[in-house]
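One letter stands for each residue in the lines below.
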Amino acid sequence: MNPVHIDAVDLNLLRLFDAVFRTRNVSRAAEALGLTQPAASHGLTRLRLLLGDALFTRSPGGVAPTPRAERLAVPVQSALATLQQALSEPERFEPAASRKLFRIHMSDIGEGRFLPALMARLRELAPGVRVETMPLAVGDIATALDSGRVDFAFGFLPRVKDTQRTQLLRDRYIVLLRKDHPFVKRRRSGQALLEALQELDYVAVRTHADTLRILQLLNLEDRLRLTTEHFMVLPAIVRATDLAVVMPRNIARGFAEEGGYAIVEPPFPLRDFTVSLHWSKRFEADPGNRWLRQVITALFSDKAKA
């Protein structure tokens, strides 16, 4: 007999099969499923023709399963139970008991800015929840969100389209220098400060295109003395040298609070930007996704703090 493709099987026929197998009686199975006896008999006939087997034969007080029906019973019952469990799963997320893994796109700057506070908060609310950061190429982010490869994307991502998003905070690019740098001692502002940037030498991170773009717009590419792969090495380099770095102000303030750094705010082109949280509409109603969005928004959103 040719194998039967699942597309040809009506789920209701499997429910009928399971009910007849359990009750050993077509009339009682029909009653349990809210069917008339003729409708149940007709459904059983369809399944018999589809599978090429009688499935049940008459016996005293009802019916008895054939060997084929005996072999089918356990996998059918298991499949129906699995489906019922999935459909009956409560639409809620229990953070205190969850061990869910969330995957998040972040740059190394984003990791430094957001992960400490986020992990501290998760430790309080959901100690079993795990987080894995997955830096992706900008062009891959929307697809990764839609496929479930990542759950969220943090950052200034104006080229990421067709996602759900919420604005977290506004930021701007500044220049970070060591505290006793000679440049800091001369007080300048506005256009004079912008022009004075020609006096500085710079360090930049290869993967942070926005900061490199600012240097290009100001014709400062020739002043770039060091290009690195990772952001987190920059503070140590700045503190030990006369090199300057263009970076987000919110990050720079964290370093400045530790001492040894000075922040200069020139009127850069493209200096203001918005950090947003992105996710896929496909998973918007997922309880875990919704819960973590609320946690992140409460932690980092300017509106939440206002």
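Residues numbered from 1 in each chain as written. Predicted model: local features only at pLDDT ≥ 70, side-chain atom pairs only at ≥ 80, totals over all residues. Heavy atoms only, no water.

J.: Sorry if this is basic, but what is going on with the overall build of the protein chain here?
T.: Of the regular secondary structure elements, the protein chain holds 13 helices and eleven strands. Over its C-alpha trace the protein chain gives a radius of gyration of 31 Å, far above what one expects of a compact globule, namely 19 Å for 306 residues. With 306 residues in all, the protein chain has 40% of them scored as buried. Of the roughly 17,200 Å² that the protein chain leaves accessible, carbon and sulfur atoms contribute 51%. Across the protein chain, the 43 positively charged side chains and the 34 negatively charged ones have centroids separated by 3 Å. (Helix = DSSP H or I, 4+ residues; strand = E, 2+ residues; numbered from the N terminus. Rg over C-alpha atoms; globule rule 2.2 N^0.38 Å. Buried < 20%, exposed > 50% of the residue type's maximum accessible area, 1.4 Å probe, protein only. Areas by Shrake-Rupley, 256 points an atom, 1.4 Å probe, with all protein chains shown as cover. Lys, Arg positive; Asp, Glu negative; His and termini not counted. Charge placed at Lys NZ, Arg CZ, Asp CG, Glu CD.)

J.: Honestly, the pattern of salt bridges in this entry has me stumped. Any pointers?
T.: If charged atoms from side chains of opposite charge come close, those side chains can pair. Within this structure, the stated rule accounts for 14 salt bridges. Its salt-bridge partner being Glu265, residue Arg172 comes within 3.7 Å of it at the nearest N-O pair. Residue Arg172 is found in strand β6 (residues 164-178), and its partner Glu265 is found in the loop between β10 (261-264) and β11 (272-279); the two are separated by 93 residues along the sequence. Residue classification places Glu265 among the partly exposed residues on the basis of a relative accessible area of 33%. Of the charged contacts in the structure, one is a salt bridge between Glu229 and Arg206, with a shortest N-O distance of 2.4 Å. Here Arg206 lies in the loop between β7 (202-205) and α9 (209-217) and Glu229 lies in the loop between β8 (224-228) and α10 (234-240), a separation of 23 residues in the sequence. (Salt bridge = Lys/Arg side-chain N within 4 Å of Asp/Glu carboxyl O.)

J.: Looking at this structure, I do not really get the packing of helix α5 (residues 108-125) against helix α12 (residues 287-300). What am I missing?
T.: For any two helices packed against each other, one specifies the inter-axial angle together with the distance between the axes. For the pair α5 and α12, interaxial distance at closest approach is 11 Å and the crossing angle is 120 degrees. As the angle between them shows, α5 and α12 are arranged oblique. Crossing of α5 over α12 shows right-handed handedness. Along its contact with α5, which presents Arg113, Phe114, Ala117, Leu118, Arg121, Leu122 and Leu125, the element α12 presents Trp291, Leu292, Val295, Ile296, Leu299 and Phe300. Classifying every residue of the contact of α5 with α12 gives eleven nonpolar, no polar and two charged. (Axes fitted to C-alpha atoms, helices over the stretch in contact; angles between N-to-C directions. Parallel < 35°, antiparallel > 145°, perpendicular 65-115°, else oblique. Left-handed = near helix turned anticlockwise from the far one by under 90°. Contact = heavy atoms within 4.5 Å. Nonpolar A, V, L, I, M, F, W, Y, C, P; charged D, E, K, R; others polar.)

J.: Quick question: what am I supposed to make of the nonpolar core here?
T.: Across soluble globular proteins, nonpolar side chains show a tendency to be buried alongside one another. Within the largest apolar cluster, 42 residues are counted, with the highest numbers of intra-cluster contacts made by Leu118, Phe154, Val175, Leu197, Phe268 and Leu292. Beyond its immediate stretch of four places on either side in the chain, Phe268 contacts Tyr173, Ile174, Val175, Leu194, Leu197, Ile214, Leu218 and Val246. One finds Leu13, Leu47, Phe56 and Ala69 within the second-largest nonpolar core, a separate group that totals 20 residues. (Core = buried A, V, L, I, M, F, W, Y, C linked by side-chain atoms within 4.5 Å.)

J.: Could you clarify how one ought to interpret the environment of Val295 in this entry?
T.: Residue position: Val295 is located in helix α12. Its relative accessible area of 9% is what places Val295 among the buried residues. With 56 residues separating them along the chain, Val295 and Arg239 place their C-alpha atoms 35 Å apart. Beyond its immediate sequence surroundings of up to four residues, Val295 is in contact with Leu118, Arg121 and Leu125.

J.: Hey, could you run me through the side chain of Arg178 in this one?
T.: Within the secondary structure, Arg178 is located in strand β6. What makes Arg178 buried here is its relative accessible area of 17%. Here Asp242 takes part through its side chain, which lies 2.4 Å from a polar atom of the side chain of Arg178. Beyond its immediate chain neighbours, meaning those up to four positions away, Arg178 contacts Val184, Val238, Arg239, Thr241, Asp242, Gly260, Tyr261 and Ala262. (Polar contact = N/O pair within 3.5 Å; in protein donor to acceptor, adjacent residues only side chain to side chain.)

J.: Help me understand the environment of Leu299 in this model?
T.: Take Leu299: it is sitting in helix α12. C-alpha separation for the pair Leu299 and Ala153, spaced 146 residues apart in sequence, amounts to 16 Å.

J.: Help me understand a nonpolar patch on the surface, please; the structure alone is not making it clear to me.
T.: The grouping of Leu11, Leu83 and Leu87 at the surface amounts to a nonpolar patch, some 280 Å² of accessible area in total. Relative to the elements of secondary structure, Leu83 occurs in helix α4 (residues 67-88). By relative accessible area, Leu83 is classed as partly exposed at 35%. (Patch = residues over 30% accessible without salt bridge, like charges linked within 9 Å, V, L, I, M, F, W, Y side chains within 5 Å.)

J.: Sorry, what's going on with unusual backbone geometry here?
T.: The general pattern is negative phi for most residues beyond glycine and trans for most peptide bonds. Backbone geometry at Arg24 places phi at a positive 60 degrees, although glycine is not the residue there. Relative to the assigned elements, Arg24 resides in the loop between α1 (11-23) and α2 (26-33). What makes Arg24 partly exposed here is its relative accessible area of 31%. With a phi angle near 60 degrees, Asp162 is a residue other than glycine that sits in the positive phi range.

J.: Would you mind showing me how to read the packing of aromatic side chains here?
T.: To describe a pair of aromatic rings, one takes the distance between the centres and the angle between the planes. This structure, assessed with the given rule, holds twelve aromatic pairs. Judged by centre distance (6.2 Å) and plane angle (35 degrees), the rings of Phe231 and Phe255 are tilted. A residue pair is termed long-range when its members are at least 10 positions apart, and Phe231 in the loop between β8 and α10 and Phe255 in helix α11 (residues 249-257) qualify at 24 residues. Aromatic rings pair up to connect Phe93, Phe102, Phe152 and Trp291 into one cluster. Directly above the ring of Phe102 sits Lys100, whose terminal nitrogen or CZ lies 5.2 Å from the centroid. (Phe/Tyr/Trp six-rings, centres within 6.5 Å; stacked < 30°, edge-to-face > 60°. Lys NZ or Arg CZ within 6 Å of the ring centre and 35° of its normal.)

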